[in-house]
Amino acid sequence: MAQRIWDLSPYKGVITALAEARENQKGGFESTRNWADGSTHFLGLTGELTVSLESGVPMDTDLLIKGDGGTDFLIDGQRCDVKTSTYWEDPHLRLPPDAERRADIYILVAVNENLQSRICGWATAGEIDKAELVDYGRGAIHSIREIELLERKQCGLPPFFPRRLE
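Before going into details, it helps to say that this report is about the structure given with it. (Residues numbered from 1 in each chain as written. Predicted model: local features only at pLDDT ≥ 70, side-chain atom pairs only at ≥ 80, totals over all residues. Heavy atoms only, no water.)

Moving on, we get to the nonpolar core. V51, F73, I107 and F161 are the most contacted members of the largest nonpolar core, which has 25 residues in total. The set of elements that each furnish at least two residues to this core consists of α1 (12-26), α2 (40-55), β2 (73-75), β3 (78-85), β5 (105-111) and β6 (116-124). A per-element tally of this core places α2 first, with five residues. Ignoring any residue separated from it by four or fewer positions in sequence, one finds I107 in contact with V51, C80, D81, V82, K83, I119, G121, W122, L157, P158 and F161. Core analysis: the next-biggest nonpolar cluster, separate from the first, contains 14 residues, L95, L108, A123 and A131 among them. (Core = buried A, V, L, I, M, F, W, Y, C linked by side-chain atoms within 4.5 Å. Buried < 20%, exposed > 50% of the residue type's maximum accessible area, 1.4 Å probe, protein only. Helix = DSSP H or I, 4+ residues; strand = E, 2+ residues; numbered from the N terminus. Contact = heavy atoms within 4.5 Å.)

Structure (structure tokens):
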């Protein structure tokens, strides 16, 4: 099945406003990790919106003082966290080895500079913890490439996730 490409440009204003609100609320927190240039909240929200559009499950737009606890979607008791990459051609699902795994499933979404997005695949927390450690310049981090997810037949959304009816 071919990946669906989503055009997020009509949602740019809404995503920007929500990202700015989250940045204003959480930007100064010691726990905030800013590993990307620009708003990491904007990037994360594009991934969450992509999953919402693909599945029909609404994304949580509430401003929670303690955040979402690492769970962007809760489906059939499975805690799912969306990770978004700006590397369109070769996205990697990356998580630090020392971070608490607060989700059961991690979903990788790629987004490009034109605000097009696609769901690349998914992995369990256990699979990520067993993944290769790669140093991208800020210390070793667990990393699974999109091609590995495809080889494992873990592309698109996890099987238990709903799909939007056309």
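After that view of the structure, there is still more to cover.
On to the packing of aromatic side chains, then. For the coordinates displayed, the defined rule picks out two aromatic pairs. Seen in terms of ring centroids, F160 and F161 are 6.1 Å apart; in terms of plane orientation they differ by 35°. Their pairing is tilted. Of the residues examined, F160 reaches a relative accessible area of 24% and is grouped as partly exposed. Classification of F161 as buried rests on a relative accessible area of 3%. Taken together, the ring pairs in this structure connect F73, F160 and F161 into an aromatic cluster. Above the ring of Y136, the side-chain terminus of R94 is found at 4.3 Å from the ring centroid. Above the face of the W88 ring, R118 is positioned so that its terminal group lies 4.9 Å from the ring centre. (Phe/Tyr/Trp six-rings, centres within 6.5 Å; stacked < 30°, edge-to-face > 60°. Lys NZ or Arg CZ within 6 Å of the ring centre and 35° of its normal.)

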